[in-house]
Amino acid sequence: DAMVIQNPRYQVTQFGKPVTLSCSQTLNHNVMYWYQQKSSQAPKLLFHYYDKDFNNEADTPDNFQSRRPNTSFCFLDIRSPGLGDAAMYLCATSKGHTQETQYFGPGTRLLVL
Amino acid sequence: GDSVTQMEGPVTLSEEAFLTINCTYTATGYPSLFWYVQYPGEGLQLLLKATKADDKGSNKGFEATYRKETTSFHLEKGSVQVSDSAVYFCALILLYNQGGKLIFGQGTELSVKP
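These numbers were taken from a predicted model, which means no experiment stands behind them.

### Regarding the overall build of chain B
Phase 1 of the analysis: A tally of regular secondary structure across chain B gives zero helices and 12 strands.
Phase 2 of the analysis: Shown N-terminal to C-terminal, the secondary structure of chain B runs as helices and strands in the order β-β-β-β-β-β-β-β-β-β-β-β.
Phase 3 of the analysis: Seen through its C-alpha atoms, chain B measures out along the principal axes to roughly 45 × 30 × 20 Å.
Phase 4 of the analysis: Each of the 114 residues in chain B was classed as buried or not, and the buried ones make up 45%.
Phase 5 of the analysis: Of all intrachain contacts in chain B linking residues separated by at least 6 positions in sequence, the fraction that spans at least 24 positions is 56%.
Phase 6 of the analysis: When the accessible surface of chain B is split by element, carbon and sulfur atoms take 47% of a total near 5,300 Å².
Phase 7 of the analysis: In chain B, 9 side chains carry a positive charge and 12 a negative one; their mean positions are 6 Å apart.

Right under this line is the structure:
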């Protein structure tokens, strides 16, 4: 089945220690998104890639970066995690700007100690 | 700016009860509207969508109709099951030149008791 895969499902890191979350997709979609969802809140878009073009949301902290080395993979890098960055991180994909539906992965829950 | 407002939860129902979760939106233009469902510890699953006024989205017994005149997209199900217990998010999409941004409501937690 075509899908969006996120690894790991749970990630523990230490305050200030860089961490990378991974997302891959077998849908061959052009667009890949990263959302942050804090406890009992709605998901909030951090940034997205359309192919290799990176689109950052204006209020995304500089501490968050992303890489997309190829169509299938996208990474979220948190350079210096703070306690406030503990959240569920959701990766999503969509076919393109004319295909609106976004398909989500299972998420990675990040814990910062 | 564009926004989505959902009925507050948690909502607790008995099995086979009728479900309504209210959702209203504010938007420039006529965005597509979505309902996503999130089971505990999981990501979001698309439940249904509607792309224009008067469209009805439906899936797994759930329905929602895009009402332009009331700017609403209420979710309904005639007979809920314990397995429907989850958090439900209403959302609209802002389309960019490259991709789109989902704007979510705050989510409504549904708990169905046997």
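### Let's talk about the packing of aromatic side chains
Phase 1 of the analysis: Following the criterion strictly, the structure yields 14 aromatic pairs over all chains and no others.
Phase 2 of the analysis: Relative to F104 of chain B, the ring of F89 of chain B lies with its centre 5.9 Å away and its plane at 80°, an arrangement referred to as edge-to-face. Of this pair, F89 of chain B sits in strand β10 (residues 86-95) while F104 of chain B sits in strand β11 (residues 100-104), and the two are 15 residues apart along the sequence.
Phase 3 of the analysis: On the basis of relative accessibility, which here comes to 2%, the residue F89 of chain B falls in the buried class.
Phase 4 of the analysis: Three or more aromatic residues link up through ring pairs in this structure, and these residues are Y33, Y35 and F104 of chain A together with F34, Y36, F89 and F104 of chain B.

### Overview of the sheet that holds strand β3 (residues 19-25) of chain A
Residues and elements named next belong to chain A.
Phase 1 of the analysis: What the four strands build is an open sheet, ordered β1-β3-β8-β7; its pairing is antiparallel. This sheet does not close on itself; its edge strands, each paired only once, are β1 (4-7) and β7 (64-67). Looking at each pair of strands side by side, their axes are set apart by 20° on average, direction ignored.
Phase 2 of the analysis: Inspection of the sheet shows β3 paired to strand β8 (residues 73-78) by six bridges, in the antiparallel sense. Along β8, the bridge assignment pairs L21 with L76.

### Quick look at empty space enclosed by the protein
Phase 1 of the analysis: Going through the model one piece at a time under the given rule, you end up with one cavity of 30 Å³ or more.
Phase 2 of the analysis: What lines the largest cavity is simply R9, Y10, M88, G107 and R109 of chain A together with G41 of chain B.

### Description of the layout of surface pockets
If you roll a probe as big as a water molecule over the atoms, it shows you where there is empty space left.
Phase 1 of the analysis: Counted as a void, the largest pocket has a volume near 420 Å³.
Phase 2 of the analysis: Lining the largest pocket are 21 residues, with Q37 and S40 of chain A together with Q38, V87 and F89 of chain B sitting closest to its centre.
Phase 3 of the analysis: Residue classes in the lining of the largest pocket are distributed as seven nonpolar, 10 polar and four charged.

### What about the nonpolar core?
All names here are of chain B.
Phase 1 of the analysis: Of all hydrophobic cores here, the largest spans 26 residues; its most connected members are W35, L48, F73, L75 and Y88.
Phase 2 of the analysis: Of all the elements in the fold, those that place two or more residues in this core are β2 (11-14), β3 (19-21), β4 (23-26), β5 (33-38), β6 (44-50), β8 (62-65), β10 and β12 (108-113).
Phase 3 of the analysis: Among the elements that make up this core, the one with the highest residue count is β10 (four residues).
Phase 4 of the analysis: Ignoring sequence-local partners within four residues, the contact set of F73 consists of C23, L33, F34, W35, L48, K49, A50, A64, T65, Y66 and C90.

Calculation rules
- Residues numbered from 1 in each chain as written.
- Chains lettered and ligands numbered in written order.
- Predicted model: local features only at pLDDT ≥ 70, side-chain atom pairs only at ≥ 80, totals over all residues.
- Heavy atoms only, no water.
- Helix = DSSP H or I, 4+ residues; strand = E, 2+ residues; numbered from the N terminus.
- Buried < 20%, exposed > 50% of the residue type's maximum accessible area, 1.4 Å probe, protein only.
- Contact = heavy atoms within 4.5 Å.
- Areas by Shrake-Rupley, 256 points an atom, 1.4 Å probe, with all protein chains shown as cover.
- Lys, Arg positive; Asp, Glu negative; His and termini not counted.
- Charge placed at Lys NZ, Arg CZ, Asp CG, Glu CD.
- Phe/Tyr/Trp six-rings, centres within 6.5 Å; stacked < 30°, edge-to-face > 60°.
- Pairing = 2+ DSSP bridges.
- Axes fitted to C-alpha atoms, helices over the stretch in contact; angles between N-to-C directions.
- 1 Å grid on protein atoms, 1.4 Å probe; cavity = no way out; pocket = protein on both sides within 12 Å on 5 of 7 lines; lining within 4 Å.
- Points joined across faces, edges and corners; volume = space filled by probe spheres on them.
- Nonpolar A, V, L, I, M, F, W, Y, C, P; charged D, E, K, R; others polar.
- Core = buried A, V, L, I, M, F, W, Y, C linked by side-chain atoms within 4.5 Å.

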